[in-house]
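Structural characterization, general
What follows is each chain in one-letter form.
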Amino acid sequence: MPFLILENLSKLFDGNLALDNISLQLEEREIVALIGPNGSGKTTLFNIISGFTKPDQGGIIFKGVKITNLPPNKISRLGITRSFQRIRLFHQLSVLDNMLLATRYKEGEKLSSALFRTRSVQEEEEENIKRSLGYLSFVGLLEKRDVPSENLSFGQRKLLELAMAFASDADLILLDEPTSGVFPETKAKIIENIQKLNEEGKTILFIEHDMELVMRLAKRLIVLDHGKLIADGCPDEIISSENVLDAYFGERKFYA
Amino acid sequence: MEYQLHLFIITGIFIILSLSLNLILGYLGQPALGHAAFFAIGAYSSSLLALNLGVSPWIGLFIGASFAAISGMVIGYLTFHLKEDYFAMATFGFGLIIYSIIKNWVGVTRGPMGLPGIPQFVAFNSLYSSLIFYCILILLFVLVTIVFMKRIIYSPFGRVIQSIRDDELAAEALGKDTRRVKIMIFMIGAFFAGIAGSLYAHYITFIDPSSFDVMESILVVLMVILGGMGTIGGSILGAAVLILFPEVLRFIGIPDAVAAPSRQMIYGFLLMMLVMKRPQGLMGKYKLW
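The rules we used
Residues numbered from 1 in each chain as written. Chains lettered and ligands numbered in written order. Predicted model: local features only at pLDDT ≥ 70, side-chain atom pairs only at ≥ 80, totals over all residues. Helix = DSSP H or I, 4+ residues; strand = E, 2+ residues; numbered from the N terminus. Rg over C-alpha atoms; globule rule 2.2 N^0.38 Å. Buried ≥ 20, exposed ≤ 12 C-beta atoms within 10 Å, placed from the backbone. Core = buried A, V, L, I, M, F, W, Y, C linked by C-beta atoms within 7 Å. Contact = placed C-beta atoms within 7 Å. Pairing = 2+ DSSP bridges. Axes fitted to C-alpha atoms, helices over the stretch in contact; angles between N-to-C directions. Nonpolar A, V, L, I, M, F, W, Y, C, P; charged D, E, K, R; others polar.

Points about the overall build of chain B
- Check the secondary structure of chain B and you find 12 helices and zero strands.
- Its helices and strands taken in sequence order, chain B reads α-α-α-α-α-α-α-α-α-α-α-α from the N to the C terminus.
- Taking 289 residues into account, the globule formula puts the C-alpha radius of gyration at 19 Å, and chain B, at 18 Å, falls close to it.
- A principal-axis box enclosing the C-alpha atoms of chain B has dimensions of 60 × 45 × 35 Å.
- The buried share of chain B, reckoned over its 289 residues, is 49%.

Some remarks on unusual backbone geometry
- Backbone geometry places Asn8(A), a non-glycine residue, at a positive phi of 45°.
- Note on placement: Asn8(A) falls in strand 1 (residues 4–13).

Focus on the nonpolar core
- In terms of nonpolar packing, the biggest core is built from 148 residues, with Leu34(A), Ala163(A), Ala40(B) and Ala196(B) touching the most fellow members.
- The element that contributes the greatest number of residues to this core is helix 9 (residues 178–204) of chain B, accounting for 17 residues.
- Setting aside chain neighbours within four positions, we find Ala196(B) in contact with Ile13(B), Ile16(B), Leu17(B), Ser20(B), Phe39(B) and Gly42(B).

A few points about the pairing of strand 10 (residues 228–233) of chain A
Residues and elements named next belong to chain A.
- Relative to strand 10, strand 9 (residues 220–225) runs antiparallel, the two being bridged by five bridges. Paired with Leu-221 across the bridge in strand 10 is Gly-233.
- Count of turn residues in the strand 9/strand 10 antiparallel hairpin: two residues, of which His-226 carries a positive phi of about 45°.

Overview of the sheet that holds strand 8 (residues 203–207) of chain A
All names here are of chain A.
- One open sheet holds the six strands; their spatial order is 6-7-8-3-9-10, and the pairing between them is mixed. Each edge of the sheet is formed by a strand with only one pairing partner; in this case those strands are strand 6 (80–82) and strand 10. The mean inter-strand angle of the sheet, taken between neighbouring strand axes irrespective of direction, is 15°.
- Bridge analysis of strand 3 (residues 31–35) against strand 9 gives four bridges, and the strand direction is parallel. Each residue of the ladder has a partner; that of Val-32, found in strand 9, is Arg-220.
- Along the sheet face, helix 1 (residues 42–49) touches strand 3, strand 6, strand 7 (172–176), strand 8 and strand 9 and points at about 145° away from the line of strand 7.

Brief notes about the interface of chain A and chain B
- Contacts between chain A and chain B engage 27 residues on the former and 23 residues on the latter.
- Taken together, the elements giving at least two residues each to the side of chain A that touches chain B come down to helix 2 (72–78), strand 6, helix 3 (95–102) and helix 4 (111–115) of chain A.
- Taken together, the residues of the side of chain A that touches chain B break down into 11 nonpolar, nine polar and seven charged.

Observations concerning the sheet that holds strand 4 (residues 57–62) of chain A
Residues and elements named next belong to chain A.
- Across the sheet, which stays open at both edges, the four strands sit in the order 2-1-4-5 with antiparallel pairing between neighbours. Only two strands of the sheet have a single neighbouring strand rather than two, namely strand 2 (16–26) and strand 5 (65–66).
- Alignment of strand 4 against strand 5, held across two bridges, turns out to be antiparallel. Bridge pairing in strand 5 places Ile-61 opposite Lys-66.
- The strands touched by helix 1 within the sheet are strand 1, strand 2 and strand 4, with strand 2 carrying the most contacts at an inclination of about 65°.

Now the structure itself:
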């Protein structure tokens with residue numbers, strides 16, 4: 001059974017079809033790029049998979065569970081995590097607190113655990129701190145652990161977001177433009193981390209405009225245009241296909 | 001001495017009230033402008049139970065606080081999806097509704113005439129010893145409230161509360177059931193406000209709607225903001241400053257006729273200065289947005 005199944009998803013915004021009958025499947029451990037011009041429905045698709053937007057039609061099945069109408073927090077707990085195009089961190093909380101919020105707690109986040117701190121609750125917290133620090137040192141943010149995340153540079157915040165994706169234990173990670181607006185060195189680091197995530201067994205679907213990066217990372221490419229899925233397959237074939245070039249550059253017959 | 005003890009008790013009650021609002025305003029980041037309503041529900045429920053049914057204030061205290069918590073849950077359920085200023089308006093409206101009910105439901109609350117003769121917790125013969133008793137009682141309640149708040153805040157659960165203040169959407173994306181947490185926090189905040197109300201009613205022995213109007217809600221907000229949102233010490237400091245400050249005016253010889261209206265002006269001025277010059281308050285670390 002496929003890992004993620006999208007069936008005939010449609011979404012209407014003020015009479016415009018943001019998504020038009022999208023069907024696709026992801027297999028486990030795939031690393032897939034989602035590309036398309038601005039306004040083609042990429043972020044809408046992310047919002048629908050993660051539950052922030054409800055589709056007008058169609059369904060989503062994740063690991064055999066129908067998640068179409070679940071609230072975002074339930075979908076997240078089933079193992080889908082996402083980043084946002086505009087970085088969303090807890091800006092007044094420390095880097096370590098941000099990481100801990102991404103880690104999974106079985107009982108620690110309950111009110112009763114806060115009031116009665118049993119041994120298992122404390123052990124869980126220690127274990128999560130250890131894991132979080134491990135991931136922070138992996139992305140190179142260990143010395144920033146006590147700094148409020150709003151004091152990080154843009155690139156560092158992008159890295160923290162990735163470290164949180166690591167810590168979240170999610171199986172499917174949706175990344176919305178993971179490298180937009182960062183320095184080349186940070187970009188290289190982010191790419192390395194995404195590959196590492198994938199090697200650890202995570203399935204990754206990412207939106208990206210930088211075609212060089214797309215070609216380097218993705219084993220499969222999905223192209224949206226005006227809410228329609230216009231191509232899905234091996235990057236090398238798609239990049240030279242007629243209708244994708246048309247979507248990006250307009251009809252070229254005038255220039256030919 | 002009596003006067004000092006009285007101020008101590010009143011300050012203690014307002015510390016409980018400001019700590020309870022701080023949980024909602026400072027940690028959860030929801031600008032609740034109707035907190036006096038929960039204070040009123042606690043005060044009126046336990047007073048009416050004591051006056052009409054002879055319920056002991058000890059039991060009435062918890063029944064009153066539970067009523068406040070239930071109304072907090074209802075408000076939480078109705079407003080959890082409202083953002084910032086809309087939430088502020090909704091809770092402001094809730095404050096007005098509760099105020100109108102206690103003012104106009106004359107058959108039960110005696111309206112503006114108020115409820116006289118509310119029994120005290122224990123009736124000692126001399127006023128002095130009962131004041132000391134009240135001081136100890138209030139001190140205990142303040143300590144319990146502080147310990148409770150600290151336990152909640154410095155825990156993974158407290159981290160979730162604060163994540164909602166910083167970015168509710170991101171918290172939801174990380175699997176936090178933000179609706180549930182918000183409703184729980186409204187309940188806890190309302191519960192402690194209800195305790196403060198009941199303690200107040202059984203101490204003063206007379207309550208009328210004027211103690212629970214919109215200005216009262218604003219005063220508690222001011223306490224939390226002045227001391228510093230999202231700090232326990234800040235709420236204590238804010239409550240103490242704003243309760244004791246009018247007494248200082250009295251001591252420096254300003255006549256009551258001038259002191260009362262100028263107090264409101266000074267509160268307003270303080271609020272403006274804070275928002276412009278130090279939005280995180282005297283001891284605060286966090287801002288609302």
